[in-house]
Amino acid sequence: MKVTYFIIHTIAYLISLLPLWVLYRVSDGIYHLVYHIAKYRRPLVRKHLKDSFPEKNDAEITRIEKGFYSWFCDYIVETVKLFSMSERQIRRRMTFKGTEEINRCIAEGQSCGVLLGHYCNWEWITSLPLWVSPEAQCAQIYHVLENKSFDTLLLNLRQRFGAECIPMAETLRRIVHYKQENRPIVIGYISDQVPFWNNIHHWLDFLNHDTPVLTGTEKLIRASGEAAFYADVRRTRRGHYECEFIPMARHPEKTEQWQLTDTYFALLEKSIRRDPECYLWTHNRWKRTHEEFNKRYDKDTGKVFLGDLRKLDEWKAKNKK
């Protein structure tokens, strides 16, 4: 594993030393390969765009589709560039607004939860520690990769500027740890993933879809008393992003159930509609339907069937015994 990691890291680091204008020429070549030749997930992306924007004609959908693949290839080379970017470079290319309110919360000893989506360059947002009070620990929740070499590679990349990566399974334990140390944290939650069948508790309209959404983020933020912010990211020009922190609730524990989740998705949709090219349309966000959930859900027991639907009747029969 160490040898594999060393080889991958060395190659990525050497590539990252190229100027961004050169990497963007590489991105243009990757775009041609991915979009025109491999046609990577194009039917899925086209379906998502048509379903999300029924008011747009075919020409507009095609323009967004091409723009998305161009941005997606930029995101790849920009992530590689992060291996060697200096603090000065990342400060110039990834700027933050609204940090005053976050620093105010930190000064008062309150932690902050930042909700964001797979929109624009979420990897560069790991440079947030350069912009907020050093009294707080910046962190982000992440999914542990099965491939140990790539997992270590991404961990080192995302922690370069002082942020801590917290495995999803350890989130609560780490929050409690910092609370016991009386150290505020600013923790990022990418919350637009698809929940597992047994974790679906709330549905809402998101981009013209009946969408099951993660509710664990809201539960954590409410339980820990974090001030909630939405990270409104926009690409100002190629290779330059701006993130504005929009306050959602200073005391989320006092809000109605799912209010924070509903507000987050409304804000995320607003960002996406502003510039739809920068959302991760290749992600199969709507693969779980309400219709199938209703089939899997047993009202009598409150359990959800997780297996092959062909065995559903057998499962229901066992539950009734």
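For the structure, see preceding data.
Let me sum up the structure you'll find in this document.

1. Observations regarding helix α4 (residues 58-81)
The terminal C-alpha atoms of α4, which comprises 24 residues, lie 35 Å apart, in line with the 34 Å expected from a rise of 1.5 Å per residue. Capping the start of α4, Asn57 holds a side-chain oxygen 3.1 Å from the backbone nitrogen of Ala59, two or three residues further along.

2. Brief notes about the side chain of Ser191
With respect to the element layout, Ser191 can be found in the loop between β5 (185-190) and β6 (203-206). Using a relative accessible area of 2% as the deciding quantity, one classes Ser191 as buried. Side-chain polar atoms of Ser191 contact the side chain of Thr217, separated by 3.0 Å. When sequence neighbours within four positions are dropped, the list of residues in contact with Ser191 reads Leu115, Leu116, Leu214, Thr217, Tyr264 and Phe265.

3. Let's talk about the pattern of salt bridges
Within this structure, the stated rule accounts for 22 salt bridges. Residue Glu242 is joined to Lys97 by a salt bridge in which the shortest nitrogen-to-oxygen separation is 4.0 Å. Taken together, the residues Glu242 in strand β9 (residues 240-249) and Lys97 in strand β1 (residues 94-97) connect sequence positions 145 residues apart. Measuring nitrogen to oxygen at the nearest pair gives 3.1 Å for the salt bridge that ties Glu164 to Arg174. Here Glu164 is found in strand β4 (residues 164-167), whereas its partner Arg174 is found in helix α8 (residues 171-180), with ten residues between them in sequence. Among the ionic contacts, a cluster of salt bridges with common partners joins Arg25, Asp28, Asp74 and Arg238.

4. A few points about the packing of helix α1 (residues 2-16) against helix α7 (residues 148-158)
α7 packs onto α1 with a crossing angle of 45° between their chain directions and a minimal axis gap of 9 Å. Between α1 and α7, the interaxial angle falls into the category oblique. Remark: the crossing between α1 and α7 carries right-handed chirality. Packed against α1, whose contacting residues are Thr4, Tyr5, Ile8 and His9, the element α7 presents Ser149, Phe150, Thr152, Leu153 and Asn156 at the interface. Residues belonging to the contact of α1 with α7 are distributed by class as follows: four nonpolar, five polar and no charged.

Parameters at a glance
- Residues numbered from 1 in each chain as written.
- Predicted model: local features only at pLDDT ≥ 70, side-chain atom pairs only at ≥ 80, totals over all residues.
- Heavy atoms only, no water.
- Helix = DSSP H or I, 4+ residues; strand = E, 2+ residues; numbered from the N terminus.
- Expected span 1.5 Å × (residues − 1).
- Polar contact = N/O pair within 3.5 Å; in protein donor to acceptor, adjacent residues only side chain to side chain.
- Buried < 20%, exposed > 50% of the residue type's maximum accessible area, 1.4 Å probe, protein only.
- Contact = heavy atoms within 4.5 Å.
- Salt bridge = Lys/Arg side-chain N within 4 Å of Asp/Glu carboxyl O.
- Axes fitted to C-alpha atoms, helices over the stretch in contact; angles between N-to-C directions.
- Parallel < 35°, antiparallel > 145°, perpendicular 65-115°, else oblique.
- Left-handed = near helix turned anticlockwise from the far one by under 90°.
- Nonpolar A, V, L, I, M, F, W, Y, C, P; charged D, E, K, R; others polar.

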